[in-house]
Structure formats: C-alpha cells, structure tokens
Amino acid sequence: MRIAYQLVVLCAVVAAVNAWPTTSPAAICGSALLRGGPTTAPTGAITVPAGDNSNVNWNQPGKTFWFAPGVHTPGSDLYAQIIPGDNTKFIGAPGAILDGRNLNLYAFTQPAVNVTIRYLEIRNFGTGKSNNDEGTVNHDYGTGWTIEYNWVHDNDGAGIFLGSNSVTRYNCLQNNGQYGFSSYAPEGIRNVVLSYNEIVGNNVDDWEKLRDGCGCTGGGKFWDVHGAVVTYNWVHDNRGPGLWADNNNAMFLFENNLIENNDGMAIFYEVSYNFAIRNNTFRRNNIVNGKHRATAGDNFPEGAIYISESGGDARAGNLYVQSEISNNLFENNWDGIVLWENADRFCRPNEEFDTTNGCPLFNNTWGFRYKTQNIKIENNQFRFDAASVNCTNGICGRQAVFSNWGTYPANSPYLGTKIQDAITFSQSNIWRNNAYFGNWRFMPHDTDMNLSFTQWRAAPYNQDAGSTVNGATPTPTQTTTPTPTQTTTPTPTQTSTPTPTQTTTPTPTQTSTPTPTQTSNILDANTATLEGSIGQWVSWYSASVAQSTAQKHSGAKSLLVTVTDPWGWGVTSNNYPGFAATAGSKSVSLWARLGSGTNVQPTLSMKWLNSAQSVLQTNSIALSPLSTTWTQKTATITAPAATAYVLIELTGSDAVGSSFFLDDIVIV
C-alpha cells in the first residue's frame, strides 16, 4: 500500500492542468477501507483482548500490538492512556474500538518516534468540551508517526495531532469537538503529508462561541509547519474553515482536494509564506459566514480562499517563492479569492502580544511586516449564481485585493493609504487567464470599491489579462498586464523585504525566448555540471541535495541526492518558472550513478510553461534501477507550441538512506 500511495503522490506532483476533482477523492467515512485490518494477529504481534486494557504494557519498543474485535478501554483513570515505545505498531482487527467513554482525556500520548496506528476506531476521548487546543492521537506531537485507516470521531479537542515527518492518510476524522486534526510544537513542525482523508463535521463544540474570537476551529489547523503536502482530501461540512494555516507556515502544497460546504473559508492562509493551491475544487464554502456579514450590512468579503498577510518570500524557504492559486474550480462560494493585508499588523517586539504585532520567522525587527505579495491567480474557473447562495443584497460574488486605512499605533510607518496602495499596485499580486461565469464584482484597494469586470481590467488596476467572462473574450484594449513600476512597498527602511523585482519569477521584461536554432544547454553550467556550485538544485521534500566530490562523471563534482524520509521524495530547481526554453524537438541527456540502497529509480520530470507561466505539458523520464557505474539516459522530447520555460524536478519513492549521483545534465 505504501508504494501505491507514493505513486499517487507522484502523480499529484505532475497533475495536468484543470485536473480538479469532480467527485470525492476520499469517501473514507463508512468505507470498507476502515475495516480492512487483519482478522488474526500478525506473526510476532502481541494480542490485546477486548475489554479493560489498563494492565497492558504498551511501552515495548519495536513491538506490534493487535487489537482483537470489540471495545477496548484504557482504564478508569482520567489520564489512563496508551504511551507507546519507539517504532511500535498498533493495528486493529475489523471491529476493534478504542473507547475513552468520555472518561479518559487522551488516547495516544508522549513523544515516541516512528509509531504506526492502523485500522482502529478511536472515539469518545475527553470529558465534555475539554482538550481545547490538545490532540487525542499523538497528543505530544511525536516525530515520524504514520496514522492510517482509522475512524477518529466524537473526541474533544482535535482528533489527531500532526508531528514532524508524519504521514496521515485514509482516515475518517469526524465530528470532533474542535478540529479533525491540528499541529503544534514549540520548535515548529517539519514535513507533513496529509492525503486521502475525509475531514467532516468537526468543531462540534463551536469553540468560537466558547472563546470569543479565539481563531481556533474548523476541519483542521496547521501552526508553524514548514513543508506540507496536502492532497486528495475531502474536507466538508465543518463548522468554521475547512483548512487553516496560521502563523509562520511555509512551503505548502494544496492539490487535488475537494473542499465544500464548510461554514467558513475552504482554505485560510494567514501570516505565513510560500504556497501553491492548484487543481482543487471549492464548492459552497463560507456561505454561513457570508450571510452573517451581509445581514449585518458588513461588506468585508468572505472568500473561498482567504490569504491574510501571506505570500511568496525566498527567506521563508525554497519552495513556492512565486506563490500561486491556479487551475482550480470555484463553484457557488460566497466570494472567490480574497487577498488581504492589515495595515496595522507588523512586528513590534517587546510589546504585549496581540493580533497585530507578530514577527515573521526570519526577522523580528520593529516595523517589519508580513506581506501579501508575489501571488499569481491564473487558469481558474469561477462560477457564481447569487440565488444559489441566497445572496440578495449584492455583498457576495467578489474577488478582492485590499487593505484598511492605516491607523495604529500612532508611530506606525504605515498610516493612511500606504498598505492599500502597496497590496493593490506594487506587490506583484496578479489575476490572469481566468474564466468567469456569473455576475462577478471586484474589490481592489479598499472595501468601498465595487467594480465591474471591465473596470477591474482597465487602468489603474489592469487585472485579469487574458481572462473571459461568460465565455466571451474582452476587447484587446482591456488586456494590459500590471507593470512593476509601482514597486516601493513602505517599510521603515524600505530595504528589508525584497520588492517584486527581486523575486525569482521573471518579470514581463525578462521573458525573451531563445531562437529556435539554439544548440547550447538550456540549463546553466552549475546546474548541469555542479563544478562551480550546486546551481539551481534545492530540496523539495524528504530529500537533501549537495555538491559532491565523492563521485563524478566528468570534472571534479556531481549532484548528490539523499532520501531522508520514507514516503516519497523530491528535489527541484529553485528558479520558478524555470529555464528559458523554446518549442520544438529537444534532446535530453544525463548521467546517473547509485550511491547507496537498492532498486533506486529516480524520475526526471520537465514541465514546459508558456510566457504566462501556465503548464503546457509535463514529460517524465524514468531512470532504470541505478548501478554503481555511471550510466547515461537519453530521450527526445517535443516541447509544445508557446513554450517559454522549462522547470525540472526529480522525484522518487526510494527507501530512507538511499542516495544517487547525477552529472552532466543537458537539454538542447
């Protein structure tokens, strides 16, 4: 099953344009998958009989525990719980239930590493609106946990906590008091995979009412997570947001999820960095919150996606520096995409903490701010019918990029319209090549704006070049792309944060294409040969990259890739949208050699993009199992018409500790 999962994740990485889900990718609750555990104890496993398990010694590192069919209880004490040893496995037979009886607080606790939990129904932990901001399973955010094929429901707090290097997949996370899942560790969380889960009906206890304005509810919440792959989940009918990433998160991929019928936003990305939201379907989200605002006469938008003080910045990590919301379907949500930046929210260290003075992870200088910047919104389909969401006063069906008038504190360098101007005109937030159906309105700069599609596309906003409305293409005079001339974003020194001209994405003046007769390598010398540096290669997920002198095909150095985690890996070039390229026939050649491990089979992928940075085609070259001698792999590929860039990636599903060398990579 692990191999099949890794192949699916690889497919997600190279998903085709407009490959959003049309049906649930993860109808897990009620599925036979949850009853697929072994009917007899695996060889060498410790059998745990149904009934009172308070006398079981759970702390036996490396052991497997098999839960017999029936109801299991941890004991009569409030703190009776399972405390695993390292490298232990807990596997349920069909019908095995771990029941807290609303007597025990937690199910699995303490920071053991590499714990596996499969095929258990885990229910009724907590004593009635208890466990706020705590987790039932992996309560102490242990590292390397694999949680799969479980039904985790009707617990207080969060059903599951995600620790670093964790894999959470094929679970039903249902009707928990606060969240289906959450994540927290004082030192932050690194590298999580959340895939093929059904996350439904959570926040039963409605904690926003219990703690007014707590910002602590929904289907699931990420806190200070660096590196997340969130794919193929069905997130629906939760009270509050569907998925919420809050506070210094970075390098997030949301792909191929179906997120629908949540009271709040489908995705809420707040004071965080570097994300890609692509190939998802968003249906009927934020209608409950939208109606509440509209009834009160409050015109603040309630988007299916809400980006708050978040965007691309190379200092937060190598992935998704050019953040994107692309190739998604939006269907009858209250509003579409909302890009917001609070003018009064910036770093003020040593002041009493409130919601306006948090500091980014890489800079705690007074006045430094999170920025909603470097976001491309492209190739999405937006469908909206006001009657279907029962919107009667027009405060709905909007796209927005705006801020408030700066007012606080008195010595703020961001008073007045400074941030309103910056987010609207000079922080590289661009809509383009989208398709609109229905009566959409647009809100740039401030909440007083209520523009038509034509006004939105005209100066000074110049948004949605190449986009259509109700199937019609606007006249050419409306297609001007925003220019980068208004690039001064006010900061106390105006130097601490890169301006849009300092991002890794080429500006429109940098998109010249090599001539068709090009014969030189598309890749730069260091990326190809590794002689001067590591070039553009960076770690993507679950692997490290280094310039190595241990082996080389030619010259003195090569690229060394080492697998660090057990659920698939990837490395990529850190130059989105890639190397300048042209359409036509291409010859590809590279040399590879095994470093360590067996049956190591990397895949080289090439994504061909047009000048608007839309993926036109993906080609993958599977390298045969590598040997300890240098082997050449060649291929001929035809880059599609309109090619302007090629982005290169290496992926695989090899064991931890596997490594290989790469050298002399040529694309001509």
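This text follows the structure it describes.
What you are looking at is a predicted structure, and each value in this text was computed from that prediction instead of being measured. (Residues numbered from 1 in each chain as written. Predicted model: local features only at pLDDT ≥ 70, side-chain atom pairs only at ≥ 80, totals over all residues. Heavy atoms only, no water.)

A. Broad picture of the overall build of the protein. Of the regular secondary structure elements, the protein holds six helices and 48 strands. Counting every position in the protein, which comprises 668 residues, the buried fraction comes to 60%. The long-range fraction of contacts in the protein, counting pairs at least 24 apart against all pairs at least 6 apart in sequence, stands at 72%. When the accessible surface of the protein is totalled, it reaches about 23800 Å², and 51% of it is carbon and sulfur. (Helix = DSSP H or I, 4+ residues; strand = E, 2+ residues; numbered from the N terminus. Buried < 20%, exposed > 50% of the residue type's maximum accessible area, 1.4 Å probe, protein only. Contact = heavy atoms within 4.5 Å. Areas by Shrake-Rupley, 256 points an atom, 1.4 Å probe, with all protein chains shown as cover.)

B. Representation of the pattern of salt bridges. Applying the stated rule across the entire model yields 19 salt bridges. The closest approach of N and O atoms between arginine 239 and aspartate 206, which form a salt bridge, is 3.6 Å. In this pair, arginine 239 is assigned in the loop between β20 (234–236) and β21 (243–246) and aspartate 206 in the loop between β17 (198–200) and α2 (207–210), connecting sequence segments 33 residues apart. Arginine 278 is the partner of glutamate 255 in a salt bridge, and the nearest nitrogen-oxygen pair spans 3.1 Å. In this pair, glutamate 255 sits in strand β22 (residues 250–255) while arginine 278 sits in strand β25 (residues 275–278), placing the two residues 23 residues apart along the sequence. Looking at glutamate 255, the relative accessible area reads 1%, which means it is buried. Connected through shared salt-bridge partners, Asp99, Glu121 and Arg123 make up one network. (Salt bridge = Lys/Arg side-chain N within 4 Å of Asp/Glu carboxyl O.)

C. Seen up close, the pairing of strand β6 (residues 96–99). Residues Ala96 and Leu98 of β6 are buried on one face, and the alternating residues Ile97 and Asp99, pointing to the opposite face, are buried as well. With three bridges joining them, strand β4 (residues 70–73) and β6 adopt parallel strand pairing. Bridge pairing links valine 71 to isoleucine 97 in β6. Judged from the three bridges that link them, β6 and strand β8 (residues 121–123) form a sheet pairing that is parallel. The residue of β8 that forms the bridge with aspartate 99 is arginine 123. (Pairing = 2+ DSSP bridges.)

D. Representation of the packing of aromatic side chains. Evaluation of the coordinates by the stated rule reveals 40 aromatic pairs. Between phenylalanine 65 and phenylalanine 90, the aromatic rings sit 5.2 Å apart at their centres with planes inclined by 5 degrees, giving stacked as the arrangement. Of the two residues, phenylalanine 65 sits in strand β3 (residues 64–67) while phenylalanine 90 sits in strand β5 (residues 89–92), which places them 25 residues apart along the sequence. The same class applies to phenylalanine 65 and to phenylalanine 90, which are both buried. (Phe/Tyr/Trp six-rings, centres within 6.5 Å; stacked < 30°, edge-to-face > 60°.)

E. Broad picture of the state of the cysteines. In this structure the tally under the stated criterion is three disulfides. At a sulfur-sulfur separation of 1.9 Å, the disulfide partner of cysteine 29 is cysteine 172. On the sign convention where negative means left-handed, the S-S torsion of about 95 degrees between cysteine 29 and cysteine 172 marks this disulfide as right-handed. Pair noted here: cysteine 29 is in the loop between α1 (2–13) and β1 (46–48) and cysteine 172 is in strand β14 (residues 172–174), with a separation of 143 residues, a long-range link. Judged by relative accessible area, which is 23%, cysteine 29 ranks as partly exposed. Cysteine 172 gets classed as buried once you look at its relative accessible area, which sits at 0%. Residue pairing for cysteine 391: its cysteine sulfur links by disulfide to cysteine 396, the two sulfurs lying 2.0 Å apart. Looking along the S-S bond of the cysteine 391-cysteine 396 disulfide, the torsion reads about -95 degrees, which is the left-handed sense. (Disulfide = S-S within 2.5 Å.)

F. Quick look at the sheet that holds strand β43 (residues 584–596). Pairing in this open sheet of five strands is antiparallel, and the strands run β39-β40-β48-β43-β46 from one edge to the other. Looking along the sheet, the strands with just one partner apiece sit at the ends: β39 (543–548) and β46 (631–639). Between one strand axis and the next, the sheet turns through 30 degrees on average, direction left out of account. (Axes fitted to C-alpha atoms, helices over the stretch in contact; angles between N-to-C directions.)

G. Representation of the side chain of lysine 586 in the model. Mapped onto the elements, lysine 586 comes out in strand β43. Despite being buried, lysine 586 has no salt bridge partner; aspartate 524 is the closest side chain of opposite charge, sitting 16 Å away. When near neighbours in sequence (up to four residues on either side) are disregarded, lysine 586 contacts Ile522, Trp608, Ala635, Thr636, Ile637, Ala639, Ile667 and Val668. (Lys, Arg positive; Asp, Glu negative; His and termini not counted.)

H. Quick look at unusual backbone geometry. The omega angle of the peptide bond from tyrosine 408 to proline 409 is -10 degrees, so this bond is cis rather than trans. Counting through the fold element by element, proline 409 comes out in the loop between β33 (398–403) and α4 (418–426). Look at the link from alanine 459 to proline 460: it is a cis peptide, with omega at 5 degrees. With respect to the secondary-structure elements, proline 460 resides in the loop between α5 (453–457) and β37 (468–469). Even without being a glycine, asparagine 165 presents a positive backbone phi close to 55 degrees. Mapped onto the elements of the fold, asparagine 165 is located in the loop between β12 (158–161) and β13 (166–169). Positive phi, close to 55 degrees, is recorded for arginine 284, a residue that is not glycine. Relative to the helices and strands, arginine 284 is located in the loop between β26 (281–283) and α3 (287–295). The class of arginine 284 is partly exposed, set by a relative accessible area of 36%.

I. Seen up close, the sheet that holds strand β18 (residues 220–223). Pairing is parallel across the open sheet formed by ten strands, whose spatial order is β9-β12-β15-β18-β21-β24-β27-β30-β33-β36. Two strands lie at the open edges of the sheet, namely β9 (135–137) and β36 (441–445), each paired on one side alone. Neighbouring strand axes in the sheet, compared pairwise and without regard to direction, differ in orientation by 15 degrees on average. Of the strand pairs in this sheet, strand β30 (residues 335–341) and β33 are connected by four bridges, and their pairing is parallel. From the neighbouring strand, glutamate 341 faces β33, where its bridge partner is serine 403.

J. Expanded view of the nonpolar core. Grouped together as the largest cluster of nonpolar side chains are 73 residues, with contacts concentrated most on Phe108, Ile122, Phe222 and Ile325. In this structure phenylalanine 108 touches Ile82, Pro84, Phe90, Leu98, Ile117, Leu120, Ile122, Thr136, Val137, Asn138, His139 and Trp145, once residues within four positions along its chain are discounted. (Core = buried A, V, L, I, M, F, W, Y, C linked by side-chain atoms within 4.5 Å.)

K. Up close: α3. Of all the positions in α3, only Ile287, Gly290 and Ala294 are classed as buried. On an axial view of α3, the arc spanned by its buried residues comes to 60 degrees, and they lie on one face. Turned more than 90 degrees off the buried face of α3, the exposed positions are His292 and Thr295. Looking one or two residues beyond α3, the residue adopting positive phi is glycine 297, at roughly 75 degrees. (Arc of directions from axis to C-beta.)

L. Region of interest: the environment of valine 71. Tracing the sequence through the fold places valine 71 in strand β4. The sequence separation of valine 71 and alanine 50 amounts to 21 residues, and the corresponding C-alpha distance is 5.5 Å. Among residues more than four places away in sequence, those in contact with valine 71 are Ala50, Gly51, Ile97, Asp99 and Arg123.

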